[in-house]
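What the coordinates show
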Amino acid sequence: MDMIRRPRRLRSSQAIRDMVHEYDVGLSDLIYPVFVVEGNGVKEEIPSMPGIYHYSLDTFEIHLQEIWNSGVRAILFFGVPEHKDAVGSEAYNPEGIVQRAIRLTKEDYPEMICIADICLCEYTDHGHCGLIHDGKILNDETLELLSKAALSCAAAGADIVAPSDMMDGRIGHMRQALDDNGFGDVLIMAYSIKYASAYYGPFREAAHSAPSFGDRKTYQMDWRNKKDALVEAELDMEEGADILMVKPGLAYLDILKTIADEFPLPVCTYSVSGEYSMMKAAALNGWIDEKRVVMETMTAMKRAGAKMIITYYALDIARWLKE
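**Here's the deal with empty space enclosed by the protein**
All told, the structure shown has 3 cavities of 30 Å³ or more when counted by the stated rule. Each pocket or cavity is described by its volume, and for the second largest cavity that value is around 40 Å³. Of all the secondary-structure elements, those providing two or more residues to the lining of the second largest cavity are helix H3 (97-108), strand S5 (113-118) and helix H4 (139-156). The residue inventory of the lining of the second largest cavity, partitioned by class, reads 7 nonpolar, 1 polar and 1 charged.

**Details of the packing of helix H10 (residues 290-304) against helix H11 (residues 314-322)**
Between H10 and H11, whose axes approach to 11 Å, the crossing angle comes to 105°. Judged on the interaxial angle alone, H11 and H10 are roughly perpendicular. Judged by residue contacts, Glu290, Lys291, Val294, Met295 and Met298 of H10 engage Ile317, Trp320 and Leu321 from H11. Class assignment of the residues belonging to the contact of H10 with H11 gives a composition of 6 nonpolar, no polar and 2 charged.

**Regarding the packing of aromatic side chains**
In this structure the tally under the stated criterion is 10 aromatic pairs. Ring centres of Phe60 and Phe77 lie 5.8 Å apart, and the angle between their planes is 75°; this geometry places the pair in the edge-to-face category. Here Phe77 lies in strand S4 (residues 74-80) and Phe60 lies in helix H2 (residues 57-70), a separation of 17 residues in the sequence. An aromatic cluster of three or more residues is present, and its members are Phe35, Phe78, Tyr270, Tyr276, Tyr312, Tyr313 and Trp320. Sitting above the plane of the Trp68 ring, Arg73 keeps its charged end 3.5 Å from the centroid.

**Some details on the side chain of Asp236**
As for its position among the elements, Asp236 is in helix H7 (residues 227-239). Not counting residues up to four positions away in its chain, the partners in contact with Asp236 are Arg170, Ile171, Ala190, Ser192, Ala241 and Leu244.

**Concerning the environment of Asp236**
Classification of Asp236 as buried rests on a relative accessible area of 3%. Measuring from C-alpha to C-alpha, the distance between Asp236 and Ile193 comes to 9.8 Å, with 43 residues separating the pair along the chain.

**What about the pattern of salt bridges?**
Under the definition given, this model contains 14 salt bridges. Here Asp222 and Arg224 are joined by a salt bridge, their closest N and O atoms 2.8 Å apart. What makes Arg224 exposed here is its relative accessible area of 65%. Asp261 serves as the salt-bridge partner of Lys257, at 2.9 Å between the closest nitrogen and oxygen. Of this pair, Lys257 and Asp261 both sit in helix H8 (residues 253-262), separated by 4 residues, roughly a single helical turn. The exposure class of Lys257 is partly exposed, given its relative accessible area of 44%. Each member of the salt-bridge network shares a partner with another, and the members are Lys291, Asp316, Arg319 and Glu323.

**As for H2**
For H2, which comprises 14 residues, the first-to-last C-alpha distance of 19 Å matches the rise-based estimate of 20 Å (1.5 Å per residue) to within 8%. Taken together, the buried positions of H2 are occupied by Leu57, Thr59, Phe60, His63, Leu64, Ile67 and Ser70. Each element contacted by the buried residues of H2 is listed here: strand S1 (30-37), strand S2 (43-45), strand S3 (53-55), S4, H3 and H11. Just past H2, the residue Gly71 takes up positive phi, approximately 100°.

**Looking at the layout of surface pockets**
In this structure, the largest pocket encloses a volume near 430 Å³. Forming the walls of the largest pocket are 13 residues, and the residues nearest its centre are His21, Glu22, Tyr23, Asp24 and Thr299. Residue assignment for the lining of the largest pocket shows that the elements contributing at least two residues are helix H1 (14-20) and H10. Per element, the largest residue contribution to the lining of the largest pocket is 4 residues, and it comes from H10. Taken together, the residues of the lining of the largest pocket sort by class into 4 nonpolar, 3 polar and 6 charged. Along the walls of the second largest pocket sit 17 residues, with Tyr32, Gly51, Glu66, Leu315 and Asp316 positioned nearest its centre.

Definitions and cut-offs
Along each chain, the written sequence defines residue order, and numbers are assigned to residues from 1. Selection of residues for local features in this predicted model requires a pLDDT of at least 70, selection of side-chain atom pairs for listing and counting requires 80 or more, and totals for whole chains, interfaces and linings are taken over all residues. Working from all heavy atoms in the structure, the side-chain values ignore hydrogens and water. The definitions used throughout rest on a 1 Å grid laid over the protein atoms alone, on which a cavity is an enclosed set of points accommodating a 1.4 Å probe that cannot get out and a pocket is an open set flanked by protein within 12 Å on both sides along at least five of seven lines; lining residues are those having an atom within 4 Å of a point. Grid points are joined across faces, edges and corners, and a volume is the space filled by probe spheres set on the points. Helix and strand definitions here come from DSSP, where helices need a minimum of 4 consecutive H or I residues and strands a minimum of 2 consecutive E residues; each element is numbered from the N-terminal end. Put simply, Ala, Val, Leu, Ile, Met, Phe, Trp, Tyr, Cys and Pro go in the nonpolar bin, Asp, Glu, Lys and Arg in the charged bin, and everything else, Gly too, in the polar bin. In this analysis an axis means a line fitted to C-alpha atoms, helices contributing only their contacting stretch, and an angle means the value between N-to-C directions, from 0 to 180 degrees. Angle categories are assigned with fixed cut-offs, so that under 35 degrees is roughly parallel, over 145 is roughly antiparallel, 65 to 115 is roughly perpendicular, and the rest are oblique. Whether two residues are in contact is decided by their heavy atoms: any pair within 4.5 Å suffices. When the centres of two rings from Phe, Tyr and Trp lie within 6.5 Å, Trp using its six-membered ring, the rings pair. Their planes under 30 degrees apart give stacked, over 60 give edge-to-face, and anything left gives tilted. We count a charge as sitting over a ring when the NZ of a lysine or the CZ of an arginine lies within 6 Å of the ring centre and within 35 degrees of the ring normal. Categorising residues by exposure relies on relative accessible area from a 1.4 Å probe, with only protein chains included: less than 20% of the type maximum marks a residue as buried, more than 50% marks it as exposed, and the intermediate range marks it as partly exposed. Definition used for salt bridges: Asp or Glu carboxyl oxygen within 4 Å of a side-chain nitrogen of Lys or Arg. To estimate how far a helix should reach, multiply one less than its number of residues by 1.5 Å.

Have a look at this one:
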């Protein structure tokens, strides 16, 4: 009888499958995004993101204990200020909401990795990620403000700054500013590959950051393109990025794999709000097994090359991993 290969032998029991499996999602892979707001006693669910809330600092401190107890050790901070203006001044206010949230976190849990999203869109009255003149986004003039925001967050205790604006040259400008001001150890996680995606819809409600006119297609990437991703990643690496990011995650696994294969830096991916909301809505309707679908999705991102995953499901995943 001719020899017949039997791949099924490696799938014959759960114990065998566990012994030979290739990829896992672990606690150290997870980054949990939080939205902090001004005020007191605020814990307001975001309608399009069930289970995700706006927190004032007093309620966030309570939530922070839950995050720590879950085993998750990295938080990505987004701030929703009361005051917005044309230059996004609250983004670089030393007493801004994110800066205070980072200080609070470091006081309570010094070992928690604090990542500050650096952008202007949540802080400008026009909702764009850069300064505006005659309806155009000003690239070079915006860089100074982004670096100021990074410096203020670094001074508050951020371990990592994560510029998400997609202005050209911001990584090099920010790296120089951090180094020149004594923050040479602060990492830059660059939103290197950030597509102009429809998957961001729920986030704009969460961050109150929808643009008041036009869209972000002149600075975020065209989702029909792949080669642009290589250009953006190479530029960010040359300018001093420590970690590259691909955003969104689920619809861009091919891009994630390409970047992870081509570049020596660790790569993060962001499983964005639209991904979360779709899975959550289907789960709430009883249409999917939430745990299995989420874990399959996250494992796909690890398999494609992600070293870390930003996900609103981080605390759920942490709980499932303990079960």
